[in-house]
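# Residue-level structural notes
So the chains spell out like this:
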Amino acid sequence: RSGTGFWYILGNQRINKMSNFKKILVPIAFSNYSQEILTFGAEIATSLGAEILIINVVNKRDLEAINRITSYGYEVDEDHYLSTIQEERIKKLEEMVKKISFSEDNITFDFRIGDPTDELIKVVIEENVDLVVMGIKSKTGLEYIFTGSVADRFYRQCPVTVISYRDKENSERLRKHFLKTNN
């Protein structure tokens, strides 16, 4: 085992399996933990000499809601909504990137519109992503029951390795839940 990745021994050869990860996808949903997820992804990318692709997906359901409001006679413009959202998110991403220790030359941004899980998997395939770093579900309770979790669906369908980041709060909550239900 090395300090910069996992090592496997094959015969007399040591092979660093982590060195195969050259492009890391970090989906950002602008949750309370997005900065920590990006920082974690940047730390991994730094140790591996990899580049980062940051993606944000505007859920198509948001646009469907805009169109529904428009159908009731309200003046809402989908194109204006999208351009405003994209401008706001670019500013937030630029602020987030300034807080990490990682070369901006090795960071790419992508914005997509659609079903978040489907769009993330398309990006993994189209961009030849080797590794994904993302957080766990951010929805709880009834909202989760009705909509499911992008993270849950993505983990099941993603064709590459996914690292699930847990902040201290979620980690502690999961530990307590496990101990409570398994004692």
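What this report covers is the structure whose coordinates are included nearby. Note that this is a predicted model, so its numbers are computed, not measured.

Parameters and conventions
- Residues numbered from 1 in each chain as written.
- Predicted model: local features only at pLDDT ≥ 70, side-chain atom pairs only at ≥ 80, totals over all residues.
- Heavy atoms only, no water.
- Axes fitted to C-alpha atoms, helices over the stretch in contact; angles between N-to-C directions.
- Helix = DSSP H or I, 4+ residues; strand = E, 2+ residues; numbered from the N terminus.
- Parallel < 35°, antiparallel > 145°, perpendicular 65-115°, else oblique.
- Left-handed = near helix turned anticlockwise from the far one by under 90°.
- Contact = heavy atoms within 4.5 Å.
- Nonpolar A, V, L, I, M, F, W, Y, C, P; charged D, E, K, R; others polar.
- Pairing = 2+ DSSP bridges.
- Patch = residues over 30% accessible without salt bridge, like charges linked within 9 Å, V, L, I, M, F, W, Y side chains within 5 Å.
- Areas by Shrake-Rupley, 256 points an atom, 1.4 Å probe, with all protein chains shown as cover.
- Salt bridge = Lys/Arg side-chain N within 4 Å of Asp/Glu carboxyl O.
- Lys, Arg positive; Asp, Glu negative; His and termini not counted.
- Charge placed at Lys NZ, Arg CZ, Asp CG, Glu CD.

In this section: the packing of helix H4 (residues 116–126) against helix H6 (residues 150–157). Relative to each other, H4 and H6 sit at 40 degrees, their axes nearing to 9 Å. The orientation of H4 with respect to H6, classified from their angle, is oblique. By crossing handedness, the relation of H4 to H6 is classed as right-handed. Residues Pro 116, Thr 117, Asp 118, Leu 120, Ile 121 and Val 124 of H4 touch H6, and the partners they reach there are Val 150, Arg 153, Phe 154 and Gln 157. The residue inventory of the contact of H4 with H6, partitioned by class, reads 6 nonpolar, 2 polar and 2 charged.

Read across the open sheet, the 5 strands follow the order S5-S4-S3-S6-S7; overall the sheet is parallel. The sheet is open, and its two edges are formed by strand S5 (107–114) and strand S7 (161–165), each paired on a single side. Here the strands of the sheet are splayed against their neighbours by 25 degrees on average, with no regard to which way each runs. Summarising the sheet, strand S3 (residues 23–27) and strand S4 (residues 51–59) pair through 5 bridges and their orientation is parallel. The residue bridging Val 26 from the neighbouring strand is Ile 54, located in S4. Contacting S4 and S5, helix H3 (residues 78–98) crosses the sheet at an angle of about 150 degrees to S5.

Let us now look at a negative patch on the surface. Negative charge collects at one region of the surface, where Glu 94, Glu 95, Glu 104 and Asp 105 lie side by side. Inspection of the secondary structure puts Glu 95 in helix H3.

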